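# Coordinate inspection notes
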Amino acid sequence: MTKLLIRLFVKNYENTSESKVRESYGQFASLVGIGTNVLLFIIKLATGLLFNSIAIVADAINNLSDSISSLVTLIGFKMSGKPADSEHPYGHARMEYVAGLLVSFFIVFLGFQLFKSAMEEVLHPKEAIFNALTVFILVISVLIKIWQCLFYRKIGHTINSLTILAVSTDSRNDILATSVILLGTLITLLTGYNLDGFMGMAVAVFILYSGANLVKETINPLLGMAPNEELEAMAADKILSYESIIGFHDLRVHNYGVSKCYASVHCEVPAEQDIMVSHDIIDQIERDFMKEWGIDLVIHLDPVLTNDKKTDALKQQVEQIIYDIAPEIDMHDFRVVFGIRVNKLIFDIVLPYSFGISEDEVIQMIEEAVDQMDKTYQAVILVDRK
């Protein structure tokens, strides 16, 4: 059914890499969310008020918050589709993340308010009336939420949208919340023991948990994230497939929204190769990354001596020193500046963020080991992070 709706309401639905198509997907998902959640809100609110159930009223308010979330998401997608301007040269695509963050904070706030109301119901309970109609309405609500969750997940994966995937997760939590109320209602019908206040608290906890996770998921892209392992592996295979590329390092990826990806990397080429040839290869890699993946890549060219036996021997010695300190430390950009009194061994080392030894200690250990090789050698070290 979701595929059919996409074909009917999303123009050029197959071109998901285009910002306009992504915007159409986001607007369509938001409108569907607004419509279904407003319907659930009206039905549940009427049911909760009619049968004096704080739990069902809380679930209705939860659906209302989902409608507001969808509205914020709709506005976010609309604003993220604005073209670049003089003040925002990278476009406005990150507004999608900002919209998701606003939704997350709203959900957390709502969860606190509902928890307070449910706690009041537990301390000062009122008689709730449950019957077969209540059970029927809750079952229908669960089924609608299951479809909604799958609908959001399908669209979220289709356009790689963290915001819509976050809304899908929220819908999944709504399924659990309404199911808890349904179970409590059945227990009340069978035993006569009123669990309404406790069920309301359970719904509030679900909302708080969902909101906290959404805050984490939406704030990470705004803070800046490391490239994922899949992208790193794809980039490595792609870069190393070109002739004369010896290696690469310092891959950095910056996202200004899902469809706005900028990256930089250092590529190592033979120093003896004609500079025009190396430059032509670098240009080709940059063009291919943009054409195939839509990544605006900038490459820094690092010439590496490949036929100098003395330099190669020194490099192997330094690599062994670093390996003996810790196998997880990498080295790149090794070069030697031979002088009259001092020979400088210049290179970068790459430390994991979780490495247990400080940068200064590692540098000191390497410098002492290099000094023991030969008193004329001086290590000049720059530290990168993996």
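About the cut-offs
- Residues numbered from 1 in each chain as written.
- Predicted model: local features only at pLDDT ≥ 70, side-chain atom pairs only at ≥ 80, totals over all residues.
- Heavy atoms only, no water.
- 1 Å grid on protein atoms, 1.4 Å probe; cavity = no way out; pocket = protein on both sides within 12 Å on 5 of 7 lines; lining within 4 Å.
- Points joined across faces, edges and corners; volume = space filled by probe spheres on them.
- Helix = DSSP H or I, 4+ residues; strand = E, 2+ residues; numbered from the N terminus.
- Nonpolar A, V, L, I, M, F, W, Y, C, P; charged D, E, K, R; others polar.
- Buried < 20%, exposed > 50% of the residue type's maximum accessible area, 1.4 Å probe, protein only.
- Axes fitted to C-alpha atoms, helices over the stretch in contact; angles between N-to-C directions.
- Parallel < 35°, antiparallel > 145°, perpendicular 65-115°, else oblique.
- Left-handed = near helix turned anticlockwise from the far one by under 90°.
- Pairing = 2+ DSSP bridges.
- Contact = heavy atoms within 4.5 Å.
- Disulfide = S-S within 2.5 Å.
- Phe/Tyr/Trp six-rings, centres within 6.5 Å; stacked < 30°, edge-to-face > 60°.
- Core = buried A, V, L, I, M, F, W, Y, C linked by side-chain atoms within 4.5 Å.

Evaluation of the coordinates by the stated rule reveals 3 cavities of 30 Å³ or more. Approximately 70 Å³ is the volume attributed to the largest cavity. If you go around the largest cavity, you meet 12 residues; those closest to its centre are Val103, Thr163, Ala166, Val167 and Leu214. Mapped onto the lining of the largest cavity, the elements with two or more residues apiece are α3 (54-80), α4 (95-123) and α6 (162-191). Its residues assigned to classes, the lining of the largest cavity shows 5 nonpolar, 5 polar and 2 charged.

This brings us to the layout of surface pockets. The computed volume of the second largest pocket comes to approximately 220 Å³. Contributing to the lining of the second largest pocket are Asp302, Pro303, Val304, Leu305, Thr311, Asp312, Lys315, Asp333, Phe334, Arg335 and Val336. Mapped onto the lining of the second largest pocket, the elements with two or more residues apiece are β3 (295-304), α10 (309-325) and β4 (330-337). The leading source of residues in the lining of the second largest pocket is β4, at 4 residues.

This part takes up unusual backbone geometry. Within the chain, Ser244 stands out as a residue other than glycine whose phi angle is a positive 80 degrees. Summarising the element assignment, Ser244 is placed in the loop between α8 (229-240) and β1 (247-255). Within the chain, Asp333 stands out as a residue other than glycine whose phi angle is a positive 55 degrees. The residue Asp333 is located in strand β4 in this model. Of the residues examined, Asp333 reaches a relative accessible area of 16% and is grouped as buried.

Moving on, we get to the packing of α4 against helix α7 (residues 196-223). How two helices sit against one another is set out by the angle between their axes and by the gap between those axes. The contact between α4 and α7 brings their axes to 7 Å, and the two run at 160 degrees. By the angle between their axes, α4 is roughly antiparallel relative to α7. Crossing of α4 against α7: the hand is left-handed. Class assignment of the residues belonging to the contact of α4 with α7 gives a composition of 24 nonpolar, 7 polar and 2 charged.

This next bit is on the sheet that holds strand β2 (residues 261-270). Judged by pairing direction, the sheet is mixed, and its 3 strands sit side by side in the order β1-β2-β3 without closing on themselves. Only two strands of the sheet have a single neighbouring strand rather than two, namely β1 and β3. Averaged over all adjacent pairs, the angle separating strand axes in this sheet is 15 degrees, with direction ignored. Strand direction decides the pairing type here: β2 and β3, joined by 10 bridges, are parallel. Directly across from Val269, in β3, lies its bridge partner Pro303. Lying over the sheet, helix α9 (residues 275-293) contacts β2 and β3, oriented at roughly 155 degrees with respect to β3.

Inspection of the entire model under this criterion finds 0 disulfides. Note on Cys261: no disulfide assigned, nearest cysteine sulfur contributed by Cys267 at a separation of 16 Å. According to the relative accessible area criterion, Cys261 is buried, its value standing at 12%.

The subject of this paragraph is the sheet that holds strand β6 (residues 377-385). Consider a sheet: its strands pair through backbone hydrogen bonds, and that pairing is either parallel or antiparallel. Taken in spatial order, the 3 strands of this open sheet run β4-β5-β6, and their pairing is mixed. Strands with a single pairing partner mark the edges of an open sheet, and in this sheet they are β4 and β6. When the angles between neighbouring strand axes are averaged without regard to direction, this sheet yields 15 degrees. In this sheet, β6 lies alongside strand β5 (residues 343-351) in parallel orientation, the contact comprising 9 bridges. When the bridges of β6 are listed, Lys344 appears paired with Gln378. Packed on one face of the sheet, α10 meets β4, β5 and β6 and runs near 140 degrees to β4.

It is worth spelling out the packing of aromatic side chains at this point. Enumeration over the complete set of coordinates arrives at 5 aromatic pairs. Between the aromatic rings of Phe28 and Phe151, the centroid separation amounts to 5.7 Å while the plane-to-plane angle is 75 degrees, which identifies the pairing as edge-to-face. Of the two residues, Phe28 is situated in helix α2 (residues 19-50) and Phe151 in helix α5 (residues 132-159); the sequence distance between them amounts to 123 residues. The residues Phe28 and Phe151 share a single accessibility class, namely buried. Judged by centre distance (5.7 Å) and plane angle (55 degrees), the ring pair of Phe151 and Tyr152 falls under tilted. A relative accessible area of 0% means that Phe151 is categorised as buried. Overall, Tyr152 belongs to the buried group, its relative accessible area being 3%. Through pairs of rings, three or more aromatic residues link up here, namely Phe28, Trp147, Phe151 and Tyr152.

With 22 residues, the main nonpolar core has Ile322, Ile329, Phe334, Leu345, Phe347, Ile349 and Ile366 as its most contacted residues. Only α10, β4, β5, α11 (359-373) and β6 provide two or more residues apiece to this core. Beyond its immediate chain neighbours, meaning those up to four positions away, Leu345 contacts Leu314, Val318, Phe334, Arg335, Val336, Val370, Tyr377, Gln378, Ala379 and Val380. Counting 20 residues, the second-largest nonpolar core is a separate cluster that includes Ala55, Phe130, Ile181 and Leu195.

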